[in-house]
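# Structural overview
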Amino acid sequence: MTVTAKAPPIATQQSSFPDVGSRSAKLYERALKVMPGGNSRTTVYFSPFPIYADRGQGSHVWDVDGVERIDLINNYSSLIHGHNHPKIVEAIVSQAQRLLSISLPTEAEVELAEIITARLPAVEQLRFCNSGTEGVMLAIKAARAFTGRAKIAKVEGAYHGSSDTASVSVTPSPEKWGDPTEPRSVAGAGTGPGAAADTVVIPMNDVENSRRILRKHAADLAGVLVDPVVNSLGYVRASSEFVAMLREETTSCGAMLIFDEVYSLRLGFNGAQGVLGAKPDLTAMGKIIGGGLPVGAVGGSAEVMSVFDPRGNAKLSHGGTFNANPMTMAAGAAAMKLFDKAAFERLSMLGDRLRAGLREAIKIAQVPGTVGGVTSMTSLFHVDSDAQTYRDVVAARRGNAQASARADKFFRYMLNHGVLMGAPGFFVLSTAVTEEEVDYTIDTALAALRTME
C-alpha cells in the first residue's frame, strides 16, 4: 500500500489538547473531588486530564467540546459495531420498554447462550456474568472446583483482569521476575500473599521451558490460563506449537486448559479456539458478546460446567444481581447476529490494511517502530523489536529511552488530528469503520511519525 495524502473522511477540526480552558478540563476538576485520580478506570486516563465523551455514532465520537474523531479503540474492543448501531439500539429500546432487570431468568439469556455455543467449538454450556474479569475469575474457580487442586499456571506479562490469581506477574520488575526459563510468581499490588504461591508462571511461546515447568507442578495443577492474543504484548498470538503443548500437558495431568477469549474472540469467526484447532476445557468471554453493555461469561463442556449446576449440590455457587440481565442479553444477541462471517472477513481485511499502511509509514518516516496484531487488532510500539515475551518488551523499551516520549507525542498528535486510539499504541477496529477512514489514519500516522525525525 502506498501512503498518499487524502482528504479527511470526517468533518473534523483540529483540537488543541491539552486545552486548560476546555470543558474536559473543567469536568476533570470536578471529578477529582469525588473520585481518586478523577475516574473509575485507569486505562482511560492520560495526562494531564482525559478527554470527556459526549456522544458517538458509527465510527465517530464527539467530545464535550464538540470535537469529532474517528474512534479506533472502540472501548478497548467491546464495540464490535461501533457506536449506536441501529439494530442494537432497537434491541435495547425494545427490551427497556419491557424489563430492565429482574430476579428471574429471561428468554434473552437463552438466545444469546444459543448463539455463542453454536459458534464456539469447545463451549457446550455457559454462564453469564458482568465483565471479562469475572469471566476469568469464574473459569479459575471452576477449574479448581472440578479438579480439587489449587494451582493455576499463567503466562508472564499477560493481563487477565483484576482478580487475585490473574494479577500475578502481570508487570513484574526485573529485580523480582527471576530466571527467564522459570519465571518467579510476583504478586501485584493489593494481591493477597497466597495468590503468588498458588500461581505458576510460564514464558510466552516457550514450548520446552513451559512444558518442563508444567510437569514440575503437574500433581497440583488445576488449570493453565492462556490468552491466545496477548494485548499487553502488542497482540502477540500464541503459537500453534505452544497451544498444542498446553493441550497435551493439561490432558496428561488432568488439569483444565483455560482460554481467555475476552479479546481473542476477534481472532476468528469461531474464536481463537476455531483458529488454533485446540479445544480448551473452559473459555472466559466478555467485550463483543455484550453489544456494548457490561458482560462476561464462562463456558465449557457440559461435564465441566456441571460444577455450577444448582440442581442438587453444586460444587460452586455463582450468583450476581446483574448476571444475564435482559438489557445486555438483548444487545449481545443483536451484536452477535450482525457479526457474521462476511462482517468478520471485512473487518480482518481492514486490520490488514491498517497494519500494512502503518509499517510503510514507519519505513517512510525512518523512525523506530514495530507494528503488530492480528485481524481487527493492531499495535504500534515506538521501538524496533520482534518481542514475543514480556521480557522482550521490557528489554526493547529500556534499550530505547525515548520510546515512551515518542508514544505520548504520537498519541497526542493523533488525538489532535481526528483519531482516537489507545494511548499505549493500540487500535481496535469496528465494522463501522471504512477503508477511507483507515487510509486517513495511516496518513495521519505518517504525519505524526515525521514530527519525530
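Use the structure listed above.
Here's a quick rundown of the structure. What you are looking at is a predicted structure, and each value in this text was computed from that prediction instead of being measured.

Reading the values: rules and limits
Residues numbered from 1 in each chain as written. Predicted model: local features only at pLDDT ≥ 70, side-chain atom pairs only at ≥ 80, totals over all residues. Heavy atoms only, no water. Salt bridge = Lys/Arg side-chain N within 4 Å of Asp/Glu carboxyl O. Helix = DSSP H or I, 4+ residues; strand = E, 2+ residues; numbered from the N terminus. Buried < 20%, exposed > 50% of the residue type's maximum accessible area, 1.4 Å probe, protein only. 1 Å grid on protein atoms, 1.4 Å probe; cavity = no way out; pocket = protein on both sides within 12 Å on 5 of 7 lines; lining within 4 Å. Points joined across faces, edges and corners; volume = space filled by probe spheres on them. Nonpolar A, V, L, I, M, F, W, Y, C, P; charged D, E, K, R; others polar. Pairing = 2+ DSSP bridges. Expected span 1.5 Å × (residues − 1). Core = buried A, V, L, I, M, F, W, Y, C linked by side-chain atoms within 4.5 Å. Contact = heavy atoms within 4.5 Å. Axes fitted to C-alpha atoms, helices over the stretch in contact; angles between N-to-C directions. Left-handed = near helix turned anticlockwise from the far one by under 90°. Parallel < 35°, antiparallel > 145°, perpendicular 65-115°, else oblique.

Quick look at the pattern of salt bridges now. On inspection of all chains with the given rule, the structure shows 15 salt bridges. Put simply, Lys 337 and Glu 111 hold a salt bridge, and the shortest N to O gap is 2.5 Å. With Lys 337 in helix H10 (residues 326-338) and Glu 111 in helix H3 (residues 107-119), this residue pair connects regions lying 226 residues apart in the sequence. Its relative accessible area of 31% is what places Glu 111 among the partly exposed residues. The partner of Arg 247 in a salt bridge is Asp 281, and the shortest N-O contact between them spans 2.8 Å. Taken together, the positions of Arg 247 in helix H7 (residues 240-253) and Asp 281 in the loop between helix H8 (271-276) and strand E11 (282-286) put the pair 34 residues apart, joining distant regions of the chain. Look at Asp 281 and you get buried, because its relative accessible area is 19%.

This part covers empty space enclosed by the protein. Taken as a whole and judged by the stated rule, the model has one cavity of 30 Å³ or more. Taken as a whole, the largest cavity encloses approximately 70 Å³ of empty space. If you trace the largest cavity, you find it lined by Ile 116, Arg 119, Leu 120, Leu 265, Gly 268, Phe 269, Asn 270, Gly 271, Ile 288, Ile 289, Met 336 and Phe 339. When grouped by side-chain class, the residues that make up the lining of the largest cavity number eight nonpolar, three polar and one charged.

The next subject is the sheet that holds strand E2 (residues 60-63). Pairing is mixed in the open sheet, where four strands are placed in the order E1-E2-E3-E15. Of all the strands in the sheet, just strand E1 (53-57) and strand E15 (419-420) have a single pairing partner and so form its edges. Sheet topology note: the E1/E2 ladder contains four bridges and is antiparallel. Following the sheet pairing, Arg 55 is matched in E2 by Trp 62.

Moving on to helix H11 (residues 341-365). Taking 1.5 Å as the rise per residue, H11 with 25 residues should run 36 Å; its terminal C-alpha atoms sit 36 Å apart, in good agreement. Phi turns positive, to about 55 degrees, at Gln 366, one or two residues after H11.

Within the largest apolar cluster, 63 residues are counted, with the highest numbers of intra-cluster contacts made by Phe 128, Ile 289, Phe 410 and Phe 427. Listing elements by their share of this core, those giving two or more residues are helix H1 (23-34), helix H2 (86-96), H3, strand E4 (125-129), H10, H11, helix H13 (403-416) and helix H14 (435-450). Per element, the largest residue contribution to this core is nine residues, and it comes from H11. Ignoring sequence-local partners within four residues, the contact set of Ile 289 consists of Leu 112, Ile 116, Phe 128, Leu 265, Val 295, Ala 297, Gly 332 and Met 336. Core analysis: the second largest hydrophobic core is formed by 47 residues, Trp 177, Met 204, Leu 214 and Val 229 among them.

It is the rolling of a water-molecule-sized probe over the atoms that shows where space remains empty. A volume near 730 Å³ is recorded for the second largest pocket. Of all the secondary structure elements, the ones that give two or more residues to the lining of the second largest pocket are H3, E4 and helix H9 (302-305). Considered class by class, the residues forming the lining of the second largest pocket number 13 nonpolar, eleven polar and five charged.

On to the sheet that holds strand E13 (residues 370-374). Two strands in a sheet stick together by hydrogen bonds in their backbones, pointing the same way (parallel) or opposite ways (antiparallel). Spatially, E13-E14-E16 is the arrangement adopted by the three strands of the open sheet, whose pairing is antiparallel. Both outer strands of the open sheet, E13 and strand E16 (426-428), are each paired with one neighbouring strand and no more. Pairs of neighbouring strands in the sheet enclose a mean axial angle of 15 degrees, with direction left out of account. Bridge count for E13 against strand E14 (residues 377-381) is five bridges, and the pairing is antiparallel. Its bridge partner being in E14, Gly 372 is matched across the sheet by Ser 379.

What follows covers unusual backbone geometry. For the bond running from Phe 17 to Pro 18, omega is 0 degrees, close enough to zero to count as cis. Residue Pro 48 is bonded to the preceding Ser 47 through a cis peptide linkage, with omega at 0 degrees. Note on placement: Pro 48 falls in the loop between H1 and E1. In this structure, Asn 205 is a non-glycine residue whose phi angle is positive, near 60 degrees. Topologically, Asn 205 is positioned in the loop between strand E6 (199-202) and helix H6 (207-216).

For the pair H3 and H10, interaxial distance at closest approach is 8 Å and the crossing angle is 35 degrees. Here H3 and H10 pass one another in a crossing that is left-handed. Each of Ala 108, Glu 109, Glu 111, Leu 112, Ile 115 and Arg 119 in H3 lies in contact with H10, whose residues at this interface are Pro 326, Met 329, Ala 330, Gly 332, Ala 333, Met 336 and Lys 337. Tallied by class, residues from the contact of H3 with H10 come to eight nonpolar, one polar and four charged.

Moving on, we get to the packing of H2 against H10. Between H2 and H10, whose axes approach to 8 Å, the crossing angle comes to 155 degrees. Judged on the interaxial angle alone, H10 and H2 are roughly antiparallel. Taken as a pair, H2 and H10 cross one another with a handedness that is right-handed. Residue-level inspection shows Lys 87, Ile 88, Ala 91, Ile 92, Gln 95 and Ala 96 of H2 in contact with H10, the latter providing Pro 326, Met 327, Ala 330, Ala 331, Ala 334, Ala 335 and Leu 338.

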